[in-house]
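Observations on the three-dimensional arrangement
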Amino acid sequence: VLGGLDELFAPFNWEDTDICYRGLKRGWGVLYEPESVVYHSPNTTIGSTSRRLRVRFISRRNRLLFHWKNLTDTGMLASNILHSCLSLPLALLRLDLAAAAAFFAAGWRLKAIRARRKVEIREAVVDDRAISKQFAALESKIRSTRGGRLE
């Protein structure tokens, strides 16, 4: 039903968030186990050969791709695009080349994003604002089980 991980996010980063979000939009549930413990070594799937700037670039590009692909609420999408456009001159002023390049690289994939958005709009049974409320409720639940802090 979800079609697996989306190659739009290759070679790494945000593909797991994307597939989970698509599941939520199709009405699937999220289970939370407060007693679970996860051990994760950051960037082990990326590998030590990837340079830091490349990782930042791909992460930022894929974050934009995720939002532009999955946000079907007009207000939320418009807010994201406005924020992205306003952040671009600031990135250039700060000489944050990874952020600036990520914006343009995401823009080059607009045709693919539009095609995938059509599928997401057609398949969605839950809207973005409802999912946002679910996340807020989950965050509140996590905070209550951890003494007010997220880990």
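In every chain, residue numbers begin from 1 and rise along the written sequence. In keeping with the predicted nature of the model, local features appear solely for residues at pLDDT of at least 70, side-chain atom pairs appear and are counted solely at 80 or more, and the whole-chain, interface and lining totals rest on all residues. The basis for the side-chain values is all heavy atoms of the structure; hydrogens and waters are excluded.

**Brief notes about the overall build of the protein**
The helix and strand labels rest on DSSP assignments: H or I over at least four residues marks a helix, E over at least two residues marks a strand, and numbering proceeds from the N terminus. Counting its regular elements, the protein contains 6 helices and 0 strands. Along the protein, helices and strands appear, N-terminal first, in the series α-α-α-α-α-α. C-alpha atoms of the protein, sized along the principal axes, occupy 40 × 40 × 30 Å. Here the protein holds 151 residues, and 32% of them are scored as buried. Long-range contacts, defined as pairs at least 24 residues apart, comprise 75% of the intrachain contacts of the protein with a sequence gap of at least 6. The protein carries 25 positive and 15 negative side-chain charges, and their two centres are separated by 7 Å. The cut-offs for exposure are 20% and 50% of the maximum accessible area for each residue type, with area from a 1.4 Å probe on protein chains only; residues under the lower value are buried, those over the upper are exposed, and the others partly exposed. Every residue pair with non-hydrogen atoms within 4.5 Å of one another is taken to be in contact. Positive residues here are Lys and Arg, negative ones are Asp and Glu, while His and the chain termini are left out of the count. We put the charge of a Lys on NZ, of an Arg on CZ, of an Asp on CG and of a Glu on CD.

**Let's talk about the packing of aromatic side chains**
Each aromatic pair joins two rings of Phe, Tyr and Trp (for Trp, the six-membered one) with centres within 6.5 Å, and gets the label stacked for planes under 30 degrees apart, edge-to-face for over 60, and tilted for any other angle. Summed over the entire model, instances satisfying the criterion amount to 4 aromatic pairs. For the pair Tyr-21 and Phe-66, a centre-to-centre distance of 5.4 Å together with 75 degrees between the ring planes defines the contact as edge-to-face. Here Tyr-21 is found in helix 1 (residues 15-25), whereas its partner Phe-66 is found in helix 2 (residues 52-70), with 45 residues between them in sequence. By the burial criterion, Tyr-21 is buried, and Phe-66 matches it. Judged by centre distance (6.0 Å) and plane angle (90 degrees), the rings of Trp-68 and Phe-103 are edge-to-face. Of this pair, Trp-68 sits in helix 2 while Phe-103 sits in helix 4 (residues 97-107), placing them 35 residues apart in sequence. On the basis of relative accessible area, Trp-68 is assigned to the buried category, the value being 9%.

**Overview of the packing of helix 2 against helix 5 (residues 110-123)**
In the contact formed by helix 2 and helix 5, the axes pass within 8 Å of each other and the chain directions differ by 45 degrees. Taken as axis vectors, helix 2 and helix 5 run oblique relative to one another. Residue-level contacts link Leu-65, Trp-68, Lys-69 and Asn-70 of helix 2 to Leu-110, Ile-113, Arg-116, Arg-117 and Glu-120 of helix 5. For the contact of helix 2 with helix 5, the class distribution of residues is 4 nonpolar, 1 polar and 4 charged. All axes are obtained by fitting lines to C-alpha atoms, using only the stretch in contact for helices, and the reported angles, taken between N-to-C directions, cover 0 to 180 degrees. Angle categories: roughly parallel below 35 degrees, roughly antiparallel above 145, roughly perpendicular from 65 to 115, and oblique for all the rest. Note on residue categories: nonpolar means Ala, Val, Leu, Ile, Met, Phe, Trp, Tyr, Cys or Pro, charged means Asp, Glu, Lys or Arg, and polar means any other residue, Gly included.

**Thoughts on the nonpolar core**
By convention a nonpolar core is built from buried Ala, Val, Leu, Ile, Met, Phe, Trp, Tyr and Cys residues, the set being connected through side-chain atoms within 4.5 Å. In terms of nonpolar packing, the biggest core is built from 18 residues, with Phe-9, Leu-65 and Trp-68 touching the most fellow members. Within the residue set of this core, elements represented by two or more residues are helix 1, helix 2, helix 3 (74-93) and helix 4. Ranked by the residues each element gives to this core, the list is headed by helix 2, at 4 residues. Apart from the residues lying within four places of it in its own chain, the contact partners of Leu-65 are Leu-8, Phe-9, Ala-106, Arg-109 and Ile-113.

**Thoughts on unusual backbone geometry**
The omega torsion of the bond from Ala-10 to Pro-11 falls at 10 degrees, within 30 degrees of zero and hence cis. Counting through the fold element by element, Pro-11 comes out in the segment before helix 1. You will see that Trp-14, though not glycine, has its phi angle at about 80 degrees, which is positive. With respect to the helices and strands, Trp-14 occurs in the segment before helix 1. The phi dihedral of Leu-95 is positive, around 60 degrees, even though this residue is not glycine. With respect to the helices and strands, Leu-95 occurs in the loop between helix 3 and helix 4. On the basis of relative accessibility, which here comes to 66%, the residue Leu-95 falls in the exposed class.

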